[in-house]
Amino acid sequence: MVGYKNYTNIHIFDHPLIQHKISLMRDKATGTNEFRKLVDEVATLEGYEALADLPTEEVQVETPIESCYTTMIAGRKLAIVPILRAGLGMVSGLLTLVPTAKVGHIGMYRDEETHEPHEYYCKLPNPISERLIIVTDPMLATGGSAVDAINQIKAHGGVNIKFMCIIAAPEGLERLAEAHPDVQIYVGHLDRELNAAAYICPGLGDAGDRIFGTK
Ligand code: PRP
Ligand code: URA
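All figures in this text were calculated on a predicted structure; none of them were measured in a lab. (Residues numbered from 1 in each chain as written. Chains lettered and ligands numbered in written order. Predicted model: local features only at pLDDT ≥ 70, side-chain atom pairs only at ≥ 80, totals over all residues. Heavy atoms only, no water.)

Enquirer: Just checking my understanding: could you explain the pattern of salt bridges for this structure?
Expert: Counting across every chain of the model gives 9 salt bridges. Lys-5 is the salt-bridge partner of Glu-174, the closest N and O atoms lying 2.8 Å from each other. Here the residue Glu-174 occupies a position in helix H5 (residues 170-179), and Lys-5 occupies one in the loop between strand S1 (2-4) and strand S2 (7-12), the gap between them amounting to 169 residues. For Lys-5, a relative accessible area of 60% gives the class exposed. When the shortest N-O distance is used, the salt bridge between Arg-85 and Asp-209 registers 3.1 Å. In this pair, Arg-85 is assigned in the loop between strand S5 (77-84) and helix H3 (91-95) and Asp-209 in helix H6 (residues 207-212), connecting sequence segments 124 residues apart. When its relative accessible area of 14% is taken as the criterion, Asp-209 is described as buried. A single network of salt bridges, built from pairs that share partners, joins Arg-85, Asp-209 and Lys-215. (Salt bridge = Lys/Arg side-chain N within 4 Å of Asp/Glu carboxyl O. Helix = DSSP H or I, 4+ residues; strand = E, 2+ residues; numbered from the N terminus. Buried < 20%, exposed > 50% of the residue type's maximum accessible area, 1.4 Å probe, protein only.)

Enquirer: How do you make sense of helix H1 (residues 16-26) when you look at a structure like this?
Expert: One turn of the α-helix equals 3.6 residues, which is why residues spaced by three or four share an orientation. Burial in H1 covers these residues: Ile-18, Gln-19, Lys-21, Ile-22 and Met-25. On an axial view of H1, the arc spanned by its buried residues comes to 165 degrees, and they lie on one face. In H1, those exposed residues whose orientation departs by more than 90 degrees from the buried face are Pro-16 and His-20. In this structure, the buried residues of H1 make contact with helix H2 (32-50), strand S11 (160-168), strand S12 (184-190) and H6. (Arc of directions from axis to C-beta. Contact = heavy atoms within 4.5 Å.)

Enquirer: Please explain unusual backbone geometry as it appears in this structure.
Expert: Keep in mind that most residues, glycine aside, have a negative phi and that most peptide bonds are trans. In this structure, Pro-127 follows Asn-126 across a cis peptide bond, with omega equal to 0 degrees. Omega for the bond connecting Cys-201 with Pro-202 falls within 30 degrees of zero, at 0 degrees, which places this linkage in the cis form. Looking at the element boundaries, Pro-202 is found in the loop between strand S14 (200-201) and H6. Located in the positive-phi region is Lys-5, a residue other than glycine, with phi close to 45 degrees. Even without a glycine there, the phi angle at His-115 is positive, about 65 degrees. Residue placement: His-115 occurs in the loop between strand S7 (105-110) and strand S8 (117-123).

Shown next as structure tokens:
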């Protein structure tokens, strides 16, 4: 992973497997079935790295040979919170790593004219304050949806938050990093810029439509 400018909370992946899978996702010829699988796989690969700082403890285990102390993840509970719709596509890839995680949901959509986010749903595990929270959304464009979703999670008591996306635009990445400097941000690939319609260039189009086949 590499950093970005002077931001200490931005982590950009450079692993060849993640880059290869993102390139397949960008291709407009990639159909819904394959696209969904790729989102799932990238979420697992990103999650593996993003969870590298999970606290651990030594526990005593009886092997068939002898008793030993061995490493396990220490008590911290996890919540995965996808931003609907597209963030849903990353949930099963993270559950592969942490099957006991609880899953919350935040519904946001971007107004097509203003590009401003609007929240329409919020249901989080209760209490959320004790959990490490992973917010997922494949696309970080203007950053409005991610900033508002994390505002909402904090208003519900969330404290320990990570945000994971697949593609980010510089504009949204800086906005999120500045609005929530306490949130660690994981990015599969940093793209060039936003276009006039606030789509990421070169991007991969509308992630929700490509995951759910709704175009
Ligand atoms: C997309 C995407 C993000 C948001 C990013 O969702 O999944 O949530 O746009 O844009 P922003 O950074 O400028 O806020 P969209 O609003 O299209 O809803 P959908 O997932 O239901 O398609
Ligand atoms: N949302 C998407 O799905 N794609 C973009 O490029 C921007 C916002």
